[in-house]
Structure formats: C-alpha cells, structure tokens
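Structural features, examined
Take a look at the letters that make up each chain.
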Amino acid sequence: NDLHLLHTPAAPHQRIRAPRSLLPTQEKYHTSNNKFRTITMRLVSGFALLAAAASPAIAFTPAARVNTWGSSTSLQSTVEAVSGAEIKAKYDAALEKMKAKDSSSAALSKDDLKIVYEDEHIVVVDKPSGVLTVSGKDGSPSLAGAVFDAFGSEGGSADKMVSHRLGMDTSGLVVFARTMAALRGMNTMFRTRKVTRTYEALVCGHVEADEGVIDMPLMRDYEFPPYMRVSTDEHQRALIGLDAEEVGKKLLESPKDSLTKYSVIAREELGGHPVSRVALTSISGRTHQLNVHCAAFGHPIVADSVYGINGEAAANGGLDEATIEESNSSRASAELQQQIADAASDKSMCVHAKSISFEHPVTGEKLSFESASSF
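These remarks concern the structure in this document. All figures in this text were calculated on a predicted structure; none of them were measured in a lab.

The side chains of a regular strand alternate between both faces of the sheet. Two elements, strand E6 (residues 115-118) and strand E7 (residues 122-127), share three bridges in a ladder whose sense is antiparallel. When the bridges of E7 are listed, Tyr117 appears paired with Val124.

Pasting the structure below:
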C-alpha cells in the first residue's frame, strides 16, 4: 500500500484572508479559535466576494476595514463575449467524450453485487467505482440494471428503482426501491433533505484546519460545458443575451447556493506526497458539488480526471492559484497536484459514499449503513 499515515489531526491554527480588491470596502475577520472555519463566495453589490468567516459557535470580531479598489484580480478579469454556437460545439464535443466513457461501464452479475441490506421494499448496495448507477440512452451496463435483474421491482423496470445516484467514478452506498411506495418515500426524503450522507475522500495536500465549511455558489461553466464552476458576477453577466434554445436552459440557471462540510480524518502521504483523508457532507446536494468545492478550496480530490489537475473542467473550480493562495495559504500547488496525479495514475477517483442514514420509506424505521473505502 503506497498510502502512509503521518498523524491524526492536531488542530493547527489557521487564518484565512479574503482576497483583496474584490470590493471597494472590505471587512476582514479574525477568529479566536480557527479549528473551524467557513470559506464563502458570495455575489455582493455586483462583485464576487471570497471571504473567511467563523462558525456562529465561535466568536469573531471585525478587524480594520480596507477601503481600496486595488488592481483587478482573476475574479474581476474581463470575460470575453460569449458565442452560443461555440458553447454548443463545446458541449457536443464533451458529450461525445462522456458517452464514450459511459460505454466502458463494467457489467455486474448478481454475484458481483455487494448487498449491504435488503427487504421487500428496498435494497442497499455498495457500488464499485467504474460502474454507472443508471444506464444512459445507449443502454450501457449499470448498477441499477444489475439490481433489477437480481431483485426485480414492482415498477417493472430499473428506472423505477432509482431515487438517487452516484457518479461513475464514485464508489459507495446506493439505495434502490423495490416497490412504488418505497420509491415515492425515498424520492420525498431526498427532495426534503431528510437523508444524511457522508463521503470519504483523499484530497491533494494537507488541509490545515481540522474542520470547516465551504460555502461557494455554483453555476454551469459556459467555457467548459456541461461542467460546473464557482459562480462569479462576471461569468453570470456574460450569459446575458444567450438563447436557451441554443445553449440549453441549465446553462442559464441562476447560481446555486452550495454548502459543503468537511473534517480531516488523517493527514497521509501518497507516493511520498502529502494528501488528506477527509469526511465530506454535501448540505445542498448540487451537481459535482464536492468535486468543485474541493478544487476551489485548493485541495482537489485525488485522481479526479474532471476537476483535478489537467482535467476536463476549469482548473481550481474556475479560480486561479493567486486567488486561492490569498484565501488558503496551505492549498496544494499545481506542481504538487501534478506529482500526486502521477503517483495516483493507477487509481480510480478517491471519493466514496461512506455512510447513509434515513427512515425506512415504508416502515419508518431509522436505518443507518456504512461501508469502507477501497483507498
């Protein structure tokens, strides 16, 4: 095993500064205890604000106000005019790549399925990496298909068993419904956020704070469609005038508030390079939220071929290193990210849906399941 445990979290002191020159008047904060911190990206008065704030449970006081516009930063850089036709061409090209990857989804037999729990209404399965949760239009092999073949469903199809899904490269716990009552119940619980899920991931570099919250709104990235990025005012403004019929409605949606909680489980090494094992909880459940937030935080998920170094999406969640450096001095540099990517070249993306808790959709019994990651 090329992963080496260095030490458990030691509650290091860490201070996060908001990038300067983002607002004409900017307030800096410091905390009396920096074990817990929140990283926030907000659209305020037409400007993107990346700031650090303390948890409500921890006292914080405003320091001296900074009254300066300063030179422009990456978040205020001029965004070129956007061409709907160009966006459509990029989207179509990316879609073809995604379809090609989907076609490589591994086929599973009943014997291959790792069943964590089953009853007449639901089945909980530990999904391996490299398998689609749900088949696309091309009918590629999927976990849902394998579960349907093994257990059947009242709805008569694999689609009538699905209430949530994991990305193809993500491993971990997935709940399938065998009855329509269970499907309705699971859909309601996910929609009303009554399902608690925790992910385990390896991220690049040593995360300095032991725990915290990443609060950055997300948007579709017209420069790298159909992927996501941290939303900025300028990138939203660049969408004005685009035709939804040409570029799609999702691209023109308003920014989505997105909140991720993290805690450091251990600080380790991978191939001699620093990585952190973290627990991640997606409070808002946005598309690719964990991937984008980790990348924008300066600690992308190890072996993330989309949002990691040299990935398909915008680097650093759409932010540049100077901006991330100003808010998180412990962030993993591009050089370090590349070294880790080389060391992890034989690995699948290191993120795993480790635990899930919910009330049984039919009986109301409180259920909680957990599975170990493979990394």
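Turning our eyes to something else, we now look at unusual backbone geometry. With an omega of 5 degrees, the peptide bond between Pro225 and Pro226 qualifies as cis. Along the chain, Pro226 turns up in the loop between strand E11 (218-220) and strand E12 (228-230). Even without glycine at this site, Arg193 takes up a positive phi of about 60 degrees. For Arg193, the location among the structural elements is in the loop between helix H3 (180-191) and strand E9 (196-204). With phi around 65 degrees, Ala303 is a residue other than glycine that occupies positive phi space. The residue Ala303 is located in the loop between helix H6 (289-297) and helix H7 (321-327) in this model.

Compared with the 27 Å implied by 1.5 Å per residue over 19 residues, the 26 Å span of helix H1 (residues 84-102) between its first and last C-alpha is a close match. If you check which residues of H1 are buried, you get Gly84, Ile87 and Ala94. Taken end-on, H1 shows its buried residues confined to a sector of 95 degrees, consistent with a single buried face.

Per the stated rule, a full pass over the model turns up four aromatic pairs. Among the aromatic residues, ring-to-ring pairing joins Tyr117, Phe358 and Phe369 into one connected group. Directly above the aromatic system of Phe151 lies the positively charged group of Lys110, at a separation of 5.8 Å from the ring centroid.

Time to look at the pairing of strand E13 (residues 259-270). Here strand E10 (residues 211-215) pairs with E13 via five bridges, running antiparallel. Each residue of the ladder has a partner; that of Asp215, found in E13, is Leu259. In this sheet, strand E14 (residues 273-282) lies alongside E13 in antiparallel orientation, the contact comprising 10 bridges. Paired with Glu268 across the bridge in E14 is Val275. Hairpin connection from E13 to E14: two residues lie between these consecutive antiparallel strands, with Gly271 at a positive phi of about 60 degrees.

Once that is clear, we can look at the pattern of salt bridges. According to the stated counting rule, one finds 12 salt bridges in the structure shown. The residue Lys354 makes a salt bridge to Glu200 at a minimum N-O spacing of 3.6 Å. Of this pair, Lys354 sits in strand E15 (residues 351-359) while Glu200 is found in strand E9, placing the two residues 154 residues apart along the sequence. You can call Glu200 buried: its relative accessible area is 7%. Across the pair Arg237 and Asp233 runs a salt bridge whose closest N-O atoms are separated by 2.2 Å. Here Asp233 and Arg237 lie together in helix H4 (residues 233-237), a separation of four residues that amounts to about one turn.

Calculation notes
Residues numbered from 1 in each chain as written. Predicted model: local features only at pLDDT ≥ 70, side-chain atom pairs only at ≥ 80, totals over all residues. Heavy atoms only, no water. Pairing = 2+ DSSP bridges. Helix = DSSP H or I, 4+ residues; strand = E, 2+ residues; numbered from the N terminus. Expected span 1.5 Å × (residues − 1). Buried < 20%, exposed > 50% of the residue type's maximum accessible area, 1.4 Å probe, protein only. Arc of directions from axis to C-beta. Phe/Tyr/Trp six-rings, centres within 6.5 Å; stacked < 30°, edge-to-face > 60°. Lys NZ or Arg CZ within 6 Å of the ring centre and 35° of its normal. Salt bridge = Lys/Arg side-chain N within 4 Å of Asp/Glu carboxyl O.

Keep in mind these values describe shape, not function.
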